[in-house]
Amino acid sequence: MPTLAFSTDASAARPLFLVKKEGLADWLAAQDDATRDWVNAAGFKAGVGEVLPLPGKDGLNGAIGGLGSGKDRARGRFLAAGLRGKLPEGVWRLECDLEGDELAEAALGWLLAGYRFDRFVSDSKPLAMLLPPEGVDAAMLERIASGEALARDLINTPASHMGPDELEMAARDLAGTHGMAVEVTTGAELSKRNLPMIHAVGRASAREPRLIDMSWGDSGPSVALVGKGVCFDTGGLNIKPGASMQLMKKDMGGAANVLGLAHMLMDSGMNCRLRVLIPAVENSISGEAFRPGDILDSRKGLTVEINNTDAEGRLVLADALALADEDRPDLIVSMATLTGAARVAVGPDLAPFYATDDCDAAALVSAAKAVRDPVWRLPFWEPYEKMIEPGIADLDNAPKGGFAGSITAALFLRRFVTAVPRYMHFDIFGWTRESAPGRPKGGAGQGIRALYRALPEILG
Ligand code: BES
Ligand code: MN
Ligand code: ZN
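Residues numbered from 1 in each chain as written. Chains lettered and ligands numbered in written order. Predicted model: local features only at pLDDT ≥ 70, side-chain atom pairs only at ≥ 80, totals over all residues. Heavy atoms only, no water.

(A) Focus on the coordination of the zinc ion (ligand 3). The protein atoms that coordinate the zinc ion (ligand 3) are Lys228 (NZ), Asp233 (OD), Asp251 (OD) and Glu312 (OE), at distances spanning 1.9 to 2.4 Å. Geometry at the zinc ion (ligand 3) is octahedral, judged from its six donor atoms and the angles of 77 to 174° they form at the metal. Read in sequence order, the donor residues coordinating the zinc ion (ligand 3) give the pattern K-x4-D-x17-D-x60-E. Separating the zinc ion (ligand 3) from the manganese ion (ligand 2) is a gap of 3.1 Å, which aspartate 233 spans by donating to each of them. With aspartate 251 in the loop between α10 (242–245) and α11 (253–267) and glutamate 312 in the loop between β12 (303–305) and α12 (313–326), this pair connects stretches of sequence that are 61 residues apart. For the pair aspartate 251 and glutamate 312, one class covers both residues: buried. (Donors = N, O, S within 2.8 Å, 3.2 Å for Na, K, Ca; no water. Tetrahedral: all angles 85-135°; square planar, octahedral: opposite > 155°, others 65-115°. Helix = DSSP H or I, 4+ residues; strand = E, 2+ residues; numbered from the N terminus. Buried < 20%, exposed > 50% of the residue type's maximum accessible area, 1.4 Å probe, protein only.)

(B) Fine view of the domain arrangement of the protein chain. According to the domain assignment, the protein chain consists of domain 1 (2–136) and domain 2 (142–459). In this structure, domain 1 and domain 2 have C-alpha centres spaced 37 Å apart. Interface area, domain 1 with domain 2, both sides summed: about 1,900 Å², of which 59% is carbon and sulfur. A per-residue breakdown of the area domain 1 buries against domain 2 is headed by Arg77, Leu112 and Tyr115, which together make up 36% of the total. (Domains from an automatic or database assignment. Buried area = accessible area lost by both parts, 1.4 Å probe.)

(C) Focus on the nonpolar core. Leu225, Leu274, Val276 and Phe426 are the most contacted members of the largest nonpolar core, which totals 87 residues. In terms of residue count, α11 provides more of this core than any other element does, nine residues in total. Summarising the domain contributions, this core has at least three residues from each of domain 1 (2–136) and domain 2 (142–459). With residues near it in sequence (within four places) discarded, valine 276 still touches Met180, Ile212, Asp213, Met214, Leu225, Val258, Leu259 and Ala262. Counting 42 residues, the second largest nonpolar core, distinct from the first, contains Leu190, Leu315, Ala320 and Tyr423. (Core = buried A, V, L, I, M, F, W, Y, C linked by side-chain atoms within 4.5 Å. Contact = heavy atoms within 4.5 Å.)

(D) Highlighting the coordination of the manganese ion (ligand 2). At this site the manganese ion (ligand 2) is bound by Asp233 (OD), Asp310 (O), Asp310 (OD) and Glu312 (OE), with donor distances of 2.0 to 2.2 Å. Read in sequence order, the donor residues coordinating the manganese ion (ligand 2) give the pattern D-x76-D-x1-E.

(E) Expanded view of the side chain of threonine 185. The topology assignment puts threonine 185 in strand β6 (residues 181–186). Residue class for threonine 185 comes out buried when judged on its relative accessible area of 7%. Ignoring sequence-local partners within four residues, the contact set of threonine 185 consists of Leu190, Arg193, Leu195, Pro209, Arg210 and Leu211.

(F) Region of interest: the layout of surface pockets. When its volume is computed, the largest pocket comes out at roughly 710 Å³. Around the largest pocket sit 38 residues that line it, and Lys240, Leu338, Thr339, Gly340 and Ala341 are the ones nearest its centre. Secondary-structure elements contributing two or more residues to the lining of the largest pocket are α10, α13 (340–346) and α15 (405–414). Looking at the lining of the largest pocket element by element, the count peaks at five residues for α13. (1 Å grid on protein atoms, 1.4 Å probe; cavity = no way out; pocket = protein on both sides within 12 Å on 5 of 7 lines; lining within 4 Å. Points joined across faces, edges and corners; volume = space filled by probe spheres on them.)

And the structure:
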């Protein structure tokens, strides 16, 4: 059964009453005596994730599920998602007074609670299913859930099974589904086609570096999505300590996110011209590795002094951004697990983003609130530009001192976007550390539901 979709079988659906803590008294007052007594006797308080089956004359009549207090809902998202795994199997239909974005959040949470990373385990417990609630765009929610699941799957897949080659295959799969054109430049070809930094970062690995370039659509405004596809980040010769390397299979989280977003945009048939660029590399160690102190040429012609081989993401993105910029789309968006500093600044579940245009930023922030995909704007702070200028090259990939690490990385990337005035960049974490309703521990989409909602407005 497709657990990320709604049920279409209304014949035997049972009601699931969703009740907020503050609404429980009213709900009880509207029930018959037997139901009221049962719910009271069972001690049901409508706490987060609380479920109580409602018995009837011929067995199970329905169930009531708690949505917690206003404070609970301000602290957590997708609280209805936690009910799904506790309900008896079968088909349910929502009975509640939620509407608009709140109802959509509950329904999407339900779908996302059906996500499992089951590639390496054989456990397929059947799950309760839901009819699409009246008043939600069911197809849109299913599309969002499948885009999010794609991003999670790609991130969760370990580097043993998700190298540059497999990432290319995953991109080609998506392209096949939607009729995208795909062009891939691999290995030594990268140098010939003037993508020197993608080559330099990826050349130490036995698994060849590449640039995946996909396009779709022939009318409407144009947008380029650029995603960091570092399939594993050892840090290179500036090797990471073990604990910092442990999760680095997720360093292609930007690529996974732009692929998930691209799926959402194309599946909805958005009127736009879309280009997706993914530099896919492994930041490895060998005699071929690029070194601290090296000076690299870039596609744009700017030279870059390498002060830390672990600041590799901005290098591969820079060549991809320069290429995107040459095409002059209306908007360029990059997404990357770029800096540890971003996580230090805002923590793992808020996605910091940068925007050159205030209206674009405002549209994104309000969309993010509506779809509960939290983002926070950080500044392209001009006075810090001097921090990325080392003296013997045009740019420094890893400014000393470590101040404002996410901002200096964003400023670095912006140097490669000069023809396109509107640029947005997301420095994401891409990972859920502790399971929460609808968000199991593991790979995470960040900012893509917000972008999916905002892009039609942003692109006008
Ligand atoms: N992929 C890492 C950043 C990262 C680390 C993201 C942990 C999320 C969690 C990136 O390539 C990196 O290593 N950045 C360095 C840059 C520094 C050397 C200037 C960092 O942030 O420490
Ligand atoms: Mn790194
Ligand atoms: Zn990295």
